[in-house]
Amino acid sequence: MENLSRRKALSLGVALGLVGVANPARAWAAAPGAQGAAATGPEWIWDTAADPLMAKMITGGHVPAINTAWASWVNNNDPLPTGVPAEFNAYLRQVNVLPSWADPAKLKRAADFNRRRDTYLFMLYGLGSGIMSTVIPREAKSVYWSAGGADMQDRAAKTFTFGYDLAELGAFEPTGQFVVTANKTRVVHAAVRHLLPQSPHWRAVADETIPISAADILVTFHSLGTYVHRKLLDWRIPYPAADQEAFLHSWQVAVHLLGVPYEHIPKTWAAAERQAAQMLDPILTPSTEGIELAEELLGLTAQIDLGVTRGFLNEFVRYVLSDEVGDWLGLKRDYAAAALVRTAWPAFILFREGLSPVMPGTFYMLDQFIRALAMLFLNKGSSGKTTPITIPIGNRAA
Ligand code: HEM
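Residues numbered from 1 in each chain as written. Predicted model: local features only at pLDDT ≥ 70, side-chain atom pairs only at ≥ 80, totals over all residues. Heavy atoms only, no water.

- An unreviewed UniProt entry lists the protein chain under the name DUF2236 domain-containing protein, from Streptomyces zhihengii.

Structure representation (structure tokens):
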């Protein structure tokens, strides 16, 4: 956290890396002490395939070798890494496939949709979902106290890989990279489930004993996919049914690859909305860790010339999330910027979508803002390359 002044990039990882979950499970969790059927909800599911394996890999000291070996395992059709324990290799062989229900036509359309709608997706994932993640207390606490929390830029860059690979044309095809990225992420989450409970700092603030349940992953999905879906509809962006279905499908496959059992993955947007209303909406609340993370993330963005002031950025976050969230995070008000955002943004959308012939005077300012954000999300702000995902072997020290 100390070296933020040197940090130059904010990436889609900001949205995706701050993922985590607060307390979704509680909304529909079993009554206290209940056992049996109620105890099989997603809040009681972690990852039976990856968790014991990663506990073994960490305690056996195999992680550095795995990190080295899998650096060159990038494309979906790359051979599995060699030089790793046979058990790890066998696990990857088992999980590194698309589910039988994956629909290539929908995945292709989703990739095309991501490309066509990248402007709004960057804004919404980056400033909406990314900052929303800081008011999901479980997420904020686990991100803050895991090893990656100590260096947000690196974390953002690494996590960016997930969003970038998901949004790439051909992401799910043999030459794409998403299946590998998702599998690496699943392994990192399994490592975190082993490591974080050993952190006295995390234990002191957590309301759970093992982080990142299947319910937590679903909450994160809602803070990303379902949130974006809602906003595109709210903003009346042309968004035909086939795009909606394809976008949902890409997230269904992503969530599956992260280890969430099929029966808990929403099958329609209506089901996703119902689940989000139960799991995500009621649990949003500030935490010490979240406030600090939000400040860091917005600070990172503010260090880069986005052609707008920090006041504008604060107000944009308030606009896409709510004043309540803005107040929780202590985002200073800038009423002139607030008025601008609230009038210029809808006008910008109408003009951009060809729904109004009137070009708002602020068009270029907003366009520049979006382009700068997009560049950051695409990680061109730093090396131009995505940072490889590596398995942590410890937690944040303090
Ligand atoms: C790591 C994405 C759910 C907490 C990662 C990474 C990615 C990722 C790409 C690896 C990059 C890195 O090491 O920073 C996602 C996605 C999710 C999800 C797409 C769901 C849709 C969750 C949840 C939590 C969580 C529910 C916690 C409540 C973490 C933590 C790390 C991590 C603590 C490790 C960071 C470190 O290296 O210390 N996630 N994640 N994630 N994720 Fe997630």
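Text resumes after the structure shown.
### A look at the side chain of R193
Thought 1: Note that R193 resides in helix α10 (residues 178–195).
Thought 2: Classification of R193 by relative accessible area gives buried; the value is 7%.
Thought 3: Within the local environment of R193, its side chain forms a polar contact with the side chain of D51, the two groups lying 2.7 Å apart.
Thought 4: Look past the residues within four positions of R193 in its chain and what remains in contact with it is W46, D47, D51, I210, P211, I212 and I217. (Helix = DSSP H or I, 4+ residues; strand = E, 2+ residues; numbered from the N terminus. Buried < 20%, exposed > 50% of the residue type's maximum accessible area, 1.4 Å probe, protein only. Polar contact = N/O pair within 3.5 Å; in protein donor to acceptor, adjacent residues only side chain to side chain. Contact = heavy atoms within 4.5 Å.)

### What to know about α10
Thought 1: In a regular helix each residue adds 1.5 Å, so 18 residues correspond to 26 Å; α10 covers 25 Å between its end C-alpha atoms and thus fits that length.
Thought 2: α10 sits mainly inside the fold: 17 of its 18 residues count as buried. (Expected span 1.5 Å × (residues − 1).)

### Digging into helix α14 (residues 269–279)
Thought 1: For α14, the set of buried residues is W269, A271, A272, Q275, A276 and M279. Down the axis of α14, the smallest arc covering the buried residues is 155 degrees, so these residues share one side. (Arc of directions from axis to C-beta.)

### A look at the packing of aromatic side chains
Thought 1: The final tally for this structure, using the stated rule, is 23 aromatic pairs.
Thought 2: Seen in terms of ring centroids, F312 and F369 are 5.2 Å apart; in terms of plane orientation they differ by 90 degrees. Their pairing is edge-to-face. Here the residue F312 occupies a position in helix α16 (residues 310–321), and F369 occupies one in helix α19 (residues 363–377), the gap between them amounting to 57 residues. Across the pair, exposure class does not vary: F312 and F369 are buried alike.
Thought 3: Directly above the ring of Y262 sits K267, whose terminal nitrogen or CZ lies 4.2 Å from the centroid. (Phe/Tyr/Trp six-rings, centres within 6.5 Å; stacked < 30°, edge-to-face > 60°. Lys NZ or Arg CZ within 6 Å of the ring centre and 35° of its normal.)

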